[in-house]
Amino acid sequence: MVVPLEADEATRAALAKHLGLRAIKSLTAEARIRPWLDGAEIGGRFKALVEQESGISLEIFDQVVEGPLEVRLVPAGSPNAPDPEVEIELDPEAPDPPEILDGDVIDLAAYVVEHLAVEIDPFPRQPGETFEYAPPQDDDSPFAVLKRLKDDNG
């Protein structure tokens, strides 16, 4: 089953505030739900146009944020659910363990927002913008300035 999702203006404004963005101008997703073991698997993609402030120039700009939706879900008590007593070994190549469903309703929008939040650049900058930093020269260090002040004042 394929489910198209599109956030309305009020929802986008609330999400922008929640995610610390200036604005979300559009947010769409196409989620594919299919059975997986004794639960479900969500696949698909999302795409958003967000308004951010550059961390370098403080200019406002729009940025496209997109990515895949990939979630596996199992009901509580499932033999396929991860054991909370066992420490999960972090392997970037291994698939994520399935999430436990709360009840029998899947909130697709919540998973879209979760994936969007992960893909947003926490240190945004406009395309092509670079941060030029020149370390202070030895004679510009705070200690050198203090020494000069001390020497000048005798």
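For the structure, check the block above.
Now for a description of the structure that goes with this document. (Residues numbered from 1 in each chain as written. Predicted model: local features only at pLDDT ≥ 70, side-chain atom pairs only at ≥ 80, totals over all residues. Heavy atoms only, no water.)

**Re a negative patch on the surface**
No. 1: Together, Glu 70, Asp 96, Glu 99 and Glu 114 make up a region of like negative charge exposed at the surface.
No. 2: Structurally, Asp 96 can be placed in the loop between β4 (60–75) and β5 (99–101).
No. 3: Look at Asp 96 and you get exposed, because its relative accessible area is 63%. (Patch = residues over 30% accessible without salt bridge, like charges linked within 9 Å, V, L, I, M, F, W, Y side chains within 5 Å. Areas by Shrake-Rupley, 256 points an atom, 1.4 Å probe, with all protein chains shown as cover. Salt bridge = Lys/Arg side-chain N within 4 Å of Asp/Glu carboxyl O. Lys, Arg positive; Asp, Glu negative; His and termini not counted. Charge placed at Lys NZ, Arg CZ, Asp CG, Glu CD. Helix = DSSP H or I, 4+ residues; strand = E, 2+ residues; numbered from the N terminus. Buried < 20%, exposed > 50% of the residue type's maximum accessible area, 1.4 Å probe, protein only.)

**Regarding helix α2 (residues 108–119)**
No. 1: Relative to the 16 Å expected for 12 residues at 1.5 Å per residue, α2 spans 17 Å between its end C-alpha atoms, a close match to the ideal helical length.
No. 2: Where α2 is buried, its residues touch β1 (2–6), α1 (9–19), β2 (23–36), β3 (39–53), β4 and β5.
No. 3: With a side-chain oxygen positioned 3.3 Å from the backbone nitrogen of Ala 109, the residue opening α2 is Asp 107. (Expected span 1.5 Å × (residues − 1). Contact = heavy atoms within 4.5 Å. Polar contact = N/O pair within 3.5 Å; in protein donor to acceptor, adjacent residues only side chain to side chain.)

**Looking at the pairing of β4**
No. 1: Sheet topology note: the β3/β4 ladder contains 14 bridges and is antiparallel. Opposite Gly 43, over in β4, you have Glu 70 as the bridge partner.
No. 2: Both β4 and β5 contribute to a ladder of three bridges, which runs parallel. What sits directly across from Leu 73, in β5, is Glu 99. (Pairing = 2+ DSSP bridges.)

**Some remarks on the sheet that holds β3**
No. 1: A sheet is described by the order of its strands in space; here five strands give the open sequence β1-β2-β3-β4-β5, paired in mixed fashion. Both edges of this open sheet fall to β1 and β5, since each of them pairs with a single strand only. Put simply, the sheet's adjacent strands are angled 30° from each other on average, direction ignored.
No. 2: Along the sheet, α2 makes contact with β1, β2, β3, β4 and β5, crossing β4 at roughly 130°. (Axes fitted to C-alpha atoms, helices over the stretch in contact; angles between N-to-C directions.)

**Details of the environment of Ile 42**
No. 1: Within the fold, Ile 42 resides in strand β3.
No. 2: Ile 42 sits in the buried class, given a relative accessible area of 3%.
No. 3: Counting along the chain gives 15 residues from Ile 42 to Ser 57, while the straight-line C-alpha distance between them is 39 Å.
No. 4: Non-local contacts of Ile 42, meaning those with residues more than four positions away in its chain, are made with Ala 31, Arg 32, Ile 33, Leu 69, Glu 70, Val 71, Leu 73, Ile 106, Leu 108 and Tyr 111.

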